[in-house]
Amino acid sequence: MVKQIGIALVAGVGLSAMLFWLSYATNSELLLWPQFVGFVVCIALRGVHSATKTDFAEIAIPINAAIYTGFVLVLLQVFRRADSK
């Protein structure tokens, strides 16, 4: 279980950082939707007009990483149970 938590944590942080970077590099709206929760929390904490790109990186990436880590951990558990049958 500890190994799966480590894998999920690395995957969640990596996915969040990669999506953040790609969304600014490509300006694709498709890549913004998976980051919507972090975006909303950042706007709520910093305000609509005062939030900077650095604020989004400091606030949105960790929040989205926690969400993605949870999803990856659930997927790992589902696949682990499927393999044990």
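Structural data are supplied above this passage.
Numbering of residues starts from 1 in each chain and follows the order in which that chain's sequence is written. Totals for whole chains, interfaces and linings use all residues, but because this is a predicted model, local features are given only for residues with pLDDT of at least 70 and pairs of side-chain atoms are given and counted only at 80 or more. Side-chain numbers here rest on the full set of heavy atoms in the structure, without hydrogens or water.

**Brief notes about the nonpolar core**
As a reminder, the rule being used: Definition of nonpolar core: a set of buried residues of the types Ala, Val, Leu, Ile, Met, Phe, Trp, Tyr and Cys, connected through side-chain atoms within 4.5 Å. Residue exposure (1.4 Å probe, protein chains only): buried if accessible area is under 20% of the type maximum, exposed if over 50%, otherwise partly exposed. By definition, any uninterrupted DSSP run of H or I lasting at least four residues is a helix, any uninterrupted run of E lasting at least two residues is a strand, and each is numbered from the N terminus. We call two residues in contact when some of their heavy atoms are within 4.5 Å.
Counting residues in each nonpolar core, the largest one holds six residues, listed as F20, C42, A51, F56, I59 and I61. Residue contributions to this core peak at three residues, all from helix α3 (residues 53-84). The residues contacting F20, other than those within four sequence positions of it, are Q35, K53, F56, A57 and I61.

**Some details on the packing of aromatic side chains**
Here is the rule we go by: Whether two aromatic rings pair depends on their centres lying within 6.5 Å, for rings of Phe, Tyr and Trp, where Trp uses its six-membered ring; planes under 30 degrees apart make the pair stacked, over 60 edge-to-face, and the rest tilted.
By the definition in use, this model includes four aromatic pairs. Taken together, a centroid distance of 5.6 Å and an interplanar angle of 35 degrees make the contact between W33 and F36 tilted. Geometrically, the ring pair formed by F36 and F39 is tilted, given 6.5 Å between the ring centres and 35 degrees between the ring planes. With a gap of three residues between them, F36 and F39 both fall in helix α2 (residues 36-46), about one helical turn apart. Ring pairing ties together the aromatic residues W33, F36, F39 and F56, which thus form one cluster.

So yeah, pure geometry; function would need other evidence.
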